[in-house]
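Structural description and commentary
Below, each chain spelled out in residue letters.
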Amino acid sequence: MLRRKVDLSSLLGQKEDALRSAEAAVQLARQSGQQALEAQALTSLGDLYYQQSRYDNAQACHEQALKLYEALNDLTGQAENWRLLGHLHMRAGRTEPAIQYSQRALKLFRQVGDLRGQTKALTSLGLAATDYAQARDYHEQALAIRRTLDDKNGQAVSYNNLAVIHWSLGLYHRALEYMEQAVTLARSLQEYRRLGFYMETLGRCYHALGRYEEALQALDESIQITQESGDRWAESVASITKGQVLLAQDLPPAALEVTWRAGNILRELKAAELSAALAWRAAAHLQMGQWELAYDVSGEATRLVSALSTGGDYPMQDVWWIHYQVLEACPEPNEHIENEAWDALQQAHLGMLNGIATLSDEALRRSYLNKVQINRAILLEWTRQMARRTGTQHADLVEAPEAESRGAVEPAHIQEKLRRVLNISVQMNETHDAESLLHYVMDQVIELSGAERGFLVLVDEAGQMNLRVARGMADDELARAQAEISYTVLGEVAQSKKPVLLQDAMADERFSRQSSVLELNLRSVLCVPLLTRAELVGMIY
């Protein structure tokens, strides 16, 4: 009866009632001498402690439960607690034990044939993986099993995790599509607690796409839900993201308030995300002209991220990049400040490269370097400063980071690329809505090519071009592209029905004088025709 009360209270968001019932259940199980019931009660209690950010209590419960399940030779119980312990290590920024424990859990779940358990362990591995391509693979495996089981809650979890991966790689439109599916499922299932997580991820996607009002609306809902459910860690993460949006809107006092509160909570929780809260708080101080405060706070952020070797839910390079910007804004620069700034930029550059050091997908590496705004800013500034210090040409230095990131993952994993193309073909065959199919095709082309921007054009029987899907272009760029479309690369491909590949459009005699090439600052360009029975039906640019 107590276990049912725990489940009901959790479902209704009544965390304190659930916690008291779970603690009572543990005591009753111990008094009865039934080890199986005690292990179950400890597992439930540990999960509740985790939800309330009481991580030390949670770890103690799961370790006790694990010993009991080992004594009972209950493989399923062992697997679940290994998984939950792995999740606790991951939350604390301890990646290696998190992966090891999750792998143990997956092995045991497979041994007993527990498909739902397998999806949970795959999800934990995806969250802990340092290779974005590998993490995506884990989450896609989990999603496939959950679809087979018709597990809607689990599908929403997988959509959220895949969205975070794509957001991290700068594939924001694809991330948004995943998040819209996750939120729709969570609302239909009235999955209140998880909706708080999902709305934070949705806010990140809107922020990255420049849709700030929608981002604030999603983040405010996330903060409200997580406050009501008692999940202080999730509340803090949503507050950090809200602070970033407020800074983008040039509202540093409001950003300072939310990041300050987030930092206080995360300091109490001893969470790795404290460094991010401090860094964005420093950015707010900097926007307000409070340089000394910005310097002190960003310096503390870098010391934290150095000690932990992780930024938790946020990239480490963001912390170093903000500290570099603070140092560059010093009102009275000196040699010490200049040296510290260079060290900070070096750390930001190293952190950025470490994010893809094991990334096995070349297209995703290009996207990570080119489409994530902070990563691109770090790369360009590091290139500029290194050229100034060494006299090396910019172009040579720009190639170096990508070559360095490739070194750890060569050869080029052709089998993985073929697998991705096959998956795209299957998905295209399963998609019957024409508009959805066009967006899907464009997203996959951008992801696989690593292009900075592009669009898909359909051509009607009269030869008129209709731009249907665009990625990576602002509204004014899109208007200019439409105005000049028949006079540039697209016009050439439409007439010849052959692909065009330009290493430098500005240096090509056919296109360098065209206004669209000049205004859009086109460099490396690829345009391919879409043909059916030798007839042109469209182009991808």
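Residues numbered from 1 in each chain as written. Predicted model: local features only at pLDDT ≥ 70, side-chain atom pairs only at ≥ 80, totals over all residues. Heavy atoms only, no water.

**Thoughts on the sheet that holds strand 1 (residues 454-459)**
Overall, antiparallel pairing links the 5 strands, which are arranged 2-1-5-4-3 in an open sheet. Looking at which strands have only one partner, the edges of the open sheet turn out to be strand 2 (465-471) and strand 3 (500-502). Within this sheet the neighbouring strands show an average axis-to-axis angle of 20°, counted without direction. Sheet topology places strand 3 next to strand 4 (residues 525-532); 3 bridges connect them, and they run antiparallel. By the bridge assignment for strand 4, Leu 502 is matched with Val 525. Relative to the sheet, helix 23 (residues 434-449) contacts strand 1, strand 2 and strand 5 (535-540), its axis offset from that of strand 2 by approximately 55°. (Pairing = 2+ DSSP bridges. Helix = DSSP H or I, 4+ residues; strand = E, 2+ residues; numbered from the N terminus. Axes fitted to C-alpha atoms, helices over the stretch in contact; angles between N-to-C directions. Contact = heavy atoms within 4.5 Å.)

**Quick word on the nonpolar core**
Grouped together as the largest cluster of nonpolar side chains are 134 residues, with contacts concentrated most on Leu 169, Met 179, Tyr 198, Leu 202, Trp 233 and Ile 240. Excluding residues that lie within four positions of it along the chain, Leu 202 makes contacts with Leu 176, Met 179, Val 183 and Ala 218. Counting 15 residues, the second-largest nonpolar core is a separate cluster that includes Leu 467, Leu 502, Val 525 and Leu 536. (Core = buried A, V, L, I, M, F, W, Y, C linked by side-chain atoms within 4.5 Å. Buried < 20%, exposed > 50% of the residue type's maximum accessible area, 1.4 Å probe, protein only.)

**Describing the side chain of Asn 161**
On the secondary structure map, Asn 161 appears in helix 9 (residues 152-168). Not counting the four nearest positions on each side in its chain, Asn 161 is found in contact with Thr 123, Leu 127 and His 139.

**Some words on the pattern of salt bridges**
In this structure the tally under the stated criterion is 14 salt bridges. The salt bridge partner of Lys 242 is Asp 220, with a shortest N-O separation of 2.8 Å. One end of the pair, Lys 242, is in helix 13 (residues 232-248); the other, Asp 220, is in helix 12 (residues 212-229), with 22 residues separating them in the sequence. Across the salt bridge formed by Arg 232 and Glu 268, the nearest N and O atoms sit 3.0 Å from each other. With Arg 232 in helix 13 and Glu 268 in helix 14 (residues 252-269), this pair connects stretches of sequence that are 36 residues apart. For Arg 232, a relative accessible area of 29% gives the class partly exposed. Note on Glu 268: relative accessible area 53%, which makes it exposed. Linked by salt bridges that have partners in common, Glu 200, Arg 204 and Asp 313 make up one network. (Salt bridge = Lys/Arg side-chain N within 4 Å of Asp/Glu carboxyl O.)

**Some words on the confidence of the model for the protein chain**
Taken as a whole, the protein chain shows an average pLDDT of 84; of its residues, 83% reach a score of 70 or greater. Looking across the protein chain, the model is least confident in helix 1 (residues 2-11), with a mean pLDDT of 45, and most confident in helix 15 (residues 274-287), with 97. Contacts from residues 1-14, a stretch scored under 50 in pLDDT, to residues over four places away or in other chains number 17 contacts. Throughout residues 404-414 the model reports pLDDT below 50, and contacts reaching past four residues in sequence, or to other chains, amount to 14 contacts. (pLDDT = per-residue confidence, 0-100.)

**What to know about the packing of helix 16 (residues 291-308) against helix 17 (residues 316-328)**
Where helix 16 meets helix 17, the axes come as close as 9 Å, and the angle between the chain directions of the two elements is 150°. Between helix 16 and helix 17, the angle is such that the two are roughly antiparallel. Crossing angle aside, the handedness with which helix 16 passes helix 17 is left-handed. For the pair helix 16 and helix 17, contact is made by Trp 291, Ala 294, Tyr 295, Ser 298, Gly 299, Ala 301, Thr 302, Val 305 and Ser 306 and by Met 316, Val 319, Trp 320, His 323, Val 326 and Leu 327, respectively. For the contact of helix 16 with helix 17, the per-class residue count stands at 10 nonpolar, 5 polar and no charged. (Parallel < 35°, antiparallel > 145°, perpendicular 65-115°, else oblique. Left-handed = near helix turned anticlockwise from the far one by under 90°. Nonpolar A, V, L, I, M, F, W, Y, C, P; charged D, E, K, R; others polar.)

**Examining the pairing of strand 1**
Counting buried residues along strand 1, 5 of its 6 residues qualify, which places the element largely inside the surrounding structure. Pairing analysis gives 6 bridges linking strand 1 to strand 2, with the strands arranged antiparallel. Each bridged residue has a counterpart across the sheet, and for Val 457 the counterpart in strand 2 is Leu 467. Between strand 1 and strand 2, which pair antiparallel one after the other, the connecting turn spans 5 residues, and Gly 463 there sits at a positive phi close to 90°. In the sheet, strand 1 pairs with strand 5 via 3 bridges, with the strands oriented antiparallel.

**Observations regarding the environment of Glu 16**
Among the secondary structure elements, Glu 16 is positioned in helix 2 (residues 15-32). Note: C-alpha distance between Glu 16 and Gln 52 (36 residues apart in sequence) is 9.4 Å.

**Some remarks on unusual backbone geometry**
Of note in the backbone geometry, Asn 73 takes a positive phi value of approximately 55° without being a glycine. With respect to the secondary-structure elements, Asn 73 resides in the loop between helix 4 (55-72) and helix 5 (75-91). Even without being glycine, Ser 309 reaches a positive phi, approximately 60°. The topology assignment puts Ser 309 in the loop between helix 16 and helix 17. Residue class for Ser 309 comes out exposed when judged on its relative accessible area of 53%.

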